[in-house]
Amino acid sequence: MPHRNHAPRRRLLAVFCTLGLAIGAAALAPAARAAYPDRPLKLIIPYPPGGATDVVGRVIAMKLGEELKQQVVVENRGGAGGNLGADAVARAEPDGYTLLMGAITSHSIMATLEKKTISYDLMRDLTPVATIAAVPLVFVVNPKLPIHNLKELIAYAKANPGKLTYASSGAGAPQRMAAELFKRQTGVDMLHVPYRGSGPAMTDLVGGQVLTMVETVPASLPFIKSGQLRALAVTMPERISMLPDTPTAAEEGLPNFNVASMFGVLVPARTPKPVVDRLNAALANILVMPDTKEKLLQQGAYAVAPASADDARKRLQAEVDQWAQVIQDARITVD
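Cut-offs applied
Residues numbered from 1 in each chain as written. Predicted model: local features only at pLDDT ≥ 70, side-chain atom pairs only at ≥ 80, totals over all residues. Heavy atoms only, no water. Salt bridge = Lys/Arg side-chain N within 4 Å of Asp/Glu carboxyl O. Buried < 20%, exposed > 50% of the residue type's maximum accessible area, 1.4 Å probe, protein only. Helix = DSSP H or I, 4+ residues; strand = E, 2+ residues; numbered from the N terminus. pLDDT = per-residue confidence, 0-100. Contact = heavy atoms within 4.5 Å. Pairing = 2+ DSSP bridges. Right-handed = clockwise from strand over helix to strand, strands pointing away.

Chemist: I would appreciate a short explanation of the pattern of salt bridges in the present structure.
Modeler: Oppositely charged side chains can pair when the atoms bearing their charge come close. Under the counting rule described, the total for this entry stands at 14 salt bridges. A salt bridge links Asp-38 to Arg-39; the nearest nitrogen and oxygen atoms lie 4.0 Å apart. According to the relative accessible area criterion, Asp-38 is exposed, its value standing at 53%. For Arg-39, a relative accessible area of 40% translates into the label partly exposed. We note a salt bridge from Arg-58 to Asp-54, for which the minimum N-O separation is 2.9 Å. Of the two residues, Arg-58 and Asp-54 both sit in helix H2 (residues 52–68), four residues apart, roughly one turn of that helix. Judged by relative accessible area, which is 5%, Asp-54 ranks as buried. Each of Asp-38, Arg-39 and Asp-95 takes part in a single network of salt bridges with overlapping partners.

Below, the structure written as structure tokens:
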């Protein structure tokens with residue numbers, strides 16, 4: 001029998017096999033992406049249990065688990081003012097399975113204030129997924145002061161330069177930064193008295209050792225209701241349900257004063273965009289749920305209207321830029 005050369009047929013068969021594998025892989029790729037998440041996620045809270053970030057984070061973890069149909073495991077990794085937990089997420093695998101429940105305002109302040117000591121870059125090493133909630137601040141004074149609104153506070157401070165003391169919960173705390181922004185916008189001179197936490201600061205404010213403070217509404221509310229402190233203005237753009245009779249700073253003549261303690265979810269940089277978008281969509285669904293809003297409000301936090309991941313990045317950058325300017329102008333140091 002004549003010898004037949006089967007090499008061309010084998011080569012052709014190999015080509016078809018390769019094409020088939022390629023087509024099969026292409027068909028499976030979207031399905032693989034659609035399968036995210038196919039295992040439990042981890043939400044790192046960069047503070048100890050019990051604080052505002054922890055409480056907000058646990059509400060979000062529970063709802064996100066329901067939305068994604070996967071368990072979201074909460075891990076508290078406190079230390080260094082939230083920087084240890086943020087660094088752990090920045091160094092994690094960028095696959096969408098390790099998330100950060102970020103205290104956006106605090107991280108934004110630390111990005112400038114502790115730039116030389118923290119080991120990650122907020123804007124370079126982390127990707128914002130969504131802004132979640134805002135805890136409003138309120139200007140409060142000791143009632144022995146003859147001050148009943150923000151305009152009177154400004155007038156009093158200008159008439160008594162350097163004599164009006166204001167408390168804060170720490171050198172780089174959002175409350176301190178809000179007061180410094182107030183000074184910058186109004187040109188008043190007030191004396192800063194830092195404390196180690198809101199508790200001691202509020203105790204001395206109620207006792208009259210210091211005279212005024214910008215503090216979170218949840219921390220201030222019991223003292224306002226009891227008459228031990230007087231509320232002058234809230235720092236949100238609109239009046240809030242917790243203090244419906246208290247005007248906004250904008251109503252009191254400061255249209256550009258908009259400060260809140262912000263919270264958001266971030267993931268490691270280089271996390272694939274489809275994964276970021278999937279998480280963003282899930283969080284958007286969660287934030288419009290009435291029970292989510294109610295659970296957050298019980299902790300003094302207002303759910304933020306859903307927006308894209310790009311909007312979350314712009315918001316984070318605006319926070320970083322605002323506080324960098326305040327820190328520079330006021331020559332604030334971490335000590």
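Chemist: Which parts of the structure should I look at to understand the confidence of the model for the protein chain?
Modeler: As a note on interpretation, predicted positions should not be read in detail where pLDDT is low. On average, the protein chain scores 90 in pLDDT, and the residues at 70 or more come to 90%. Every residue in residues 21–32 scores below 50 in pLDDT, and together they form zero contacts with partners more than four places removed in sequence or on other chains.

Chemist: Would you take a moment to explain the pairing of strand S1 (residues 41–45) for this structure?
Modeler: Taken residue by residue, a regular strand's side chains alternate between the two faces of the sheet. With four of five residues buried, S1 is to be regarded as a mostly interior element. Across five bridges, S1 lies against strand S2 (residues 72–76) in parallel orientation. When the bridges of S2 are listed, Leu-41 appears paired with Val-72. Crossover handedness for the path S1 to H2 to S2: right-handed. With three bridges connecting them, S1 and strand S3 (residues 98–103) associate as parallel partners. Residue pairing for S3: Leu-43 is matched across the bridge by Leu-99.

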